[in-house]
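Spelled out, the chains give:
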Amino acid sequence: MRSCEVHQRQRYWRGGVPLFPWGYYQQDLKRAIATMKYNNHPELGSLFGQWLALSWFESRIAQRLPLQIVPIPLHRDKLQTRGFNQAALIAEGFCRALELPLAPQGLVRQRATQSMFQLSVTERQANLKDAFRVGEGLQRQRWLLLCDDIYTTGTTARSAARVLRDAGYKVLGIITVAVGLPDQLAEPTVKATSIKDSVHSTTAP
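Throughout what follows, the structure given in this document is the object of discussion. Here the structure is a predicted model, which means the values were calculated and not measured.

## Structural notes on the overall build of the chain
Move 1: A count of helical and extended segments in the chain gives seven helices and six strands.
Move 2: N-terminal to C-terminal, the α/β element order of the chain is β-α-α-β-α-α-β-α-β-β-α-β-α.
Move 3: For the chain, the residues scored as buried account for 49% of the 205 residues in total.
Move 4: If you take every contact in the chain between residues at least 6 apart in sequence, the share linking residues at least 24 apart comes to 75%.
Move 5: Surface summary for the chain: the accessible area is close to 10,600 Å², and the carbon and sulfur share equals 48%.

Okay, here's the thing in structure tokens:
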């Protein structure tokens, strides 16, 4: 899976919801994520979280900002069927490695949504309309860092960040195990900024 690791993460740390991915969603990493989610191997979530934590630590992003990690939630029906939320397991491994606070119920998926694998960007946006609401356990004095397993178009990240920001919380960005290959992304055009510039321009009040 190491062959899938992203080595130029600064290209993703930009825009309204900057992204920090560990690897590309391809080959062995793609199969490992599927194994975790569909073949009942939740222990892989902790491993992915540790890998993300090491990469985050080495990147020195936002090292002086107080952070709290918020996993992207599953709807209760899907959670009951799968038995675990893979994003929460990844977030737990990340927080354990870096000794950061976790808000496992910080976001709630209040409406069941359909799988977005074959949906267009417009269909994804409609699918996620009013899907999230603010939960509990969030700390207003901290910057929130979202966590998920896969990032494709960014629709989920932007939808979740919008709900939190509308409620007055500060969202720094999102960490994910995998990101779609560059030619698969459909992120809106934004002015690119480097990791260094982004962190320097992001200061706690």
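## What about the environment of Ala-167?
Move 1: On the secondary structure map, Ala-167 appears in the loop between helix H6 (155-166) and strand E6 (170-179).
Move 2: Along the sequence, Ala-167 and Arg-133 sit 34 residues apart, while their C-alpha atoms lie 9.4 Å from each other.
Move 3: With sequence-adjacent residues up to four places away left out, Ala-167 is seen in contact with Val-134 and Arg-140.

## Here's the deal with the sheet that holds E6
Move 1: In space, the four strands of this open sheet follow the order E1-E6-E5-E2, with parallel pairing throughout. On the outer flanks of this sheet lie strand E1 (19-24) and strand E2 (67-71), each paired with one strand and no other. Taken pair by pair, the neighbouring strands of this sheet meet at an average axis angle of 20 degrees, ignoring direction.
Move 2: Contacts between helix H2 (residues 43-59) and the sheet are confined to E1, E2, strand E5 (143-151) and E6, with E1 contributing the most and set at about 125 degrees to the helix.

## Observations concerning helix H1 (residues 27-38)
Move 1: Taking 1.5 Å of rise per residue, twelve residues should cover 16 Å, and H1 covers 16 Å from first to last C-alpha, within 8% of that figure.
Move 2: Positive backbone phi, at 60 degrees, marks Asn-40, one or two positions downstream of H1.

## What to know about the packing of H2 against helix H4 (residues 86-98)
Move 1: In the contact formed by H2 and H4, the axes pass within 7 Å of each other and the chain directions differ by 50 degrees. In terms of orientation, H2 and H4 fall into the oblique class. The chirality of how H2 crosses H4 is right-handed. Side by side, H2 and H4 meet where Gly-45, Ser-46, Phe-48, Gly-49, Gln-50, Leu-52, Ala-53, Trp-56 and Phe-57 of the first sit next to Leu-89, Ile-90, Gly-93, Phe-94, Arg-96, Ala-97 and Leu-98 of the second.
Move 2: Considering only residue class, the contact of H2 with H4 consists of ten nonpolar, five polar and one charged.

Procedures and definitions
Residues numbered from 1 in each chain as written. Predicted model: local features only at pLDDT ≥ 70, side-chain atom pairs only at ≥ 80, totals over all residues. Heavy atoms only, no water. Helix = DSSP H or I, 4+ residues; strand = E, 2+ residues; numbered from the N terminus. Buried < 20%, exposed > 50% of the residue type's maximum accessible area, 1.4 Å probe, protein only. Contact = heavy atoms within 4.5 Å. Areas by Shrake-Rupley, 256 points an atom, 1.4 Å probe, with all protein chains shown as cover. Pairing = 2+ DSSP bridges. Axes fitted to C-alpha atoms, helices over the stretch in contact; angles between N-to-C directions. Expected span 1.5 Å × (residues − 1). Parallel < 35°, antiparallel > 145°, perpendicular 65-115°, else oblique. Left-handed = near helix turned anticlockwise from the far one by under 90°. Nonpolar A, V, L, I, M, F, W, Y, C, P; charged D, E, K, R; others polar.

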